[in-house]
Amino acid sequence: MKKTKKNITIDGPAASGKTSIGQKVASLMGYKFLDTGLMYRAIALKSLISSLEVYEEDKIVELCHRTDIAFNTNTKEILVDGENITDQLRERHVDQRVSLIAKLPNIRKVLVSQQRVIADRNDIVMVGRDIGTVVLPGAKYKFYLTASLEIRAERRYKEFTGSKTKILYDEILFEMEERDRVDKSRKDSPLKPAKDAVTVDTTEMVFETAVGTILNVIKGTIT
Ligand code: DC
């Protein structure tokens, strides 16, 4: 008989700590990890490379079907058409386009079904915006990570410091606010906590405390 896989969902806005905290929780529990934002980013980047406009949904859907997205769940990297482009996917021009791509219902349909197949085959921590609400509504453990806009912008600013991109904190803050607005207000699968999710506000939490809070919920010491 097929054994049901265990799934943990973590949703939340940009730079709320989903990826770093989710990866740590996954490694401590011996689970796989998948950052679904990278899938939307892969399609956003490919649409830019192919000079497609966001209103050309049918062509982007075709592109989506033609794109092979594979994960190395050990290194947490993503292979797009066999190439490791994880770093490119976090670049600013991708940031600026991705929420517009993620709004398109037919793109979501394709990616959500791929995410469900992955979750069906693995004990996994899956992070994104709609994992607890839409992708895996039956998951046993659901978390919603959040933090103030200012602290999230500061975290993203620090990631850019030292990289080739010269970018001001104010610009990051403005763009992040806009991305949150698009993600929360879209019709299809908007960003919101699942009714049964535990919300963890990481504004004033150090990394270890956030990881510990999630593990405590899973171990049943907090409900
Ligand atoms: O988590 P991130 O910043 O890498 O996400 C990139 C974009 O993709 C963001 O605008 C929201 C969108 N996204 C989504 O709509 N659904 C998901 N499950 C994951 C990400």
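Going by the structure above, here's the rest.
In short, a report on the structure. Everything numeric in this text was worked out from a predicted model, so none of it was measured.

Thoughts on the side chain of Asp180
Following the sequence through the fold, Asp180 ends up in helix H9 (residues 169-185). Apart from the residues lying within four places of it in its own chain, the contact partners of Asp180 are Pro13, Ala14, Leu149 and Arg152.

A word on the packing of helix H2 (residues 37-49) against helix H5 (residues 92-102)
At a minimum axis distance of 8 Å, the contact between H2 and H5 shows a crossing angle of 105 degrees. With respect to H5, the element H2 is oriented roughly perpendicular. Between H2 and H5, the residues in contact are Tyr40, Arg41, Ile43, Ala44, Leu45, Ser47 and Leu48 and His93, Val94, Asp95, Arg97, Val98, Ile101 and Ala102, respectively. Here the contact of H2 with H5 is built from residues that sort into 9 nonpolar, 2 polar and 3 charged.

Describing the site of the ligand
Taken together, the neighbourhood of the ligand is formed by 16 residues, with Arg41, Arg108, Arg129, Asp130 and Arg186 sitting nearest. Side-chain polar atom of Thr36 to a nitrogen atom of the ligand: 3.0 Å apart, as the coordinates give it. Between the ligand and Arg186 there is a distance of 2.8 Å, counted from an oxygen atom to a side-chain nitrogen or oxygen. Among the residues making up the shell around the ligand, the classes are represented as 4 nonpolar, 4 polar and 8 charged.

Observations concerning the packing of aromatic side chains
Taken as a whole and assessed by the stated rule, the structure comprises 1 aromatic pair. Between Tyr157 and Tyr169 the ring centres are 6.2 Å apart and the planes differ by 90 degrees, which places this aromatic pair in the edge-to-face class. Of this pair, Tyr157 sits in helix H8 (residues 149-160) while Tyr169 is found in helix H9, placing the two residues 12 residues apart along the sequence.

Regarding the sheet that holds strand S3 (residues 69-72)
Pairing within the open sheet is antiparallel, and its 3 strands lie in the order S3-S4-S5. The sheet terminates laterally at S3 and strand S5 (83-84), the two strands that pair on one side only. Pairing between strand S4 (residues 77-80) and S5: 2 bridges, direction antiparallel. In the strand pairing of S5, Val80 is matched with Glu83.

Observations concerning the pattern of salt bridges
Applying the stated criterion to the full structure yields 16 salt bridges. The salt bridge partner of Arg90 is Asp35, with a shortest N-O separation of 3.0 Å. Remark: Asp35 occurs in strand S2 (residues 32-35) and Arg90 occurs in the loop between helix H4 (86-89) and H5; sequence separation between them is 55 residues. In this structure Arg90 comes out as partly exposed when scored by relative accessible area, which is 33%. The class of Asp35 is buried, set by a relative accessible area of 9%. As a salt-bridge pair, Arg92 and Glu171 come within 2.6 Å of each other at their nearest N and O atoms. Highlighted residues: Arg92 in helix H5 and Glu171 in helix H9, separated in sequence by 79 residues. For Glu171, a relative accessible area of 32% translates into the label partly exposed.

Here is what the cut-offs are and how they apply
Residues numbered from 1 in each chain as written. Predicted model: local features only at pLDDT ≥ 70, side-chain atom pairs only at ≥ 80, totals over all residues. Heavy atoms only, no water. Helix = DSSP H or I, 4+ residues; strand = E, 2+ residues; numbered from the N terminus. Contact = heavy atoms within 4.5 Å. Axes fitted to C-alpha atoms, helices over the stretch in contact; angles between N-to-C directions. Parallel < 35°, antiparallel > 145°, perpendicular 65-115°, else oblique. Nonpolar A, V, L, I, M, F, W, Y, C, P; charged D, E, K, R; others polar. Near = heavy atom within 4 Å. Polar contact = N/O pair within 3.5 Å; in protein donor to acceptor, adjacent residues only side chain to side chain. Phe/Tyr/Trp six-rings, centres within 6.5 Å; stacked < 30°, edge-to-face > 60°. Pairing = 2+ DSSP bridges. Salt bridge = Lys/Arg side-chain N within 4 Å of Asp/Glu carboxyl O. Buried < 20%, exposed > 50% of the residue type's maximum accessible area, 1.4 Å probe, protein only.

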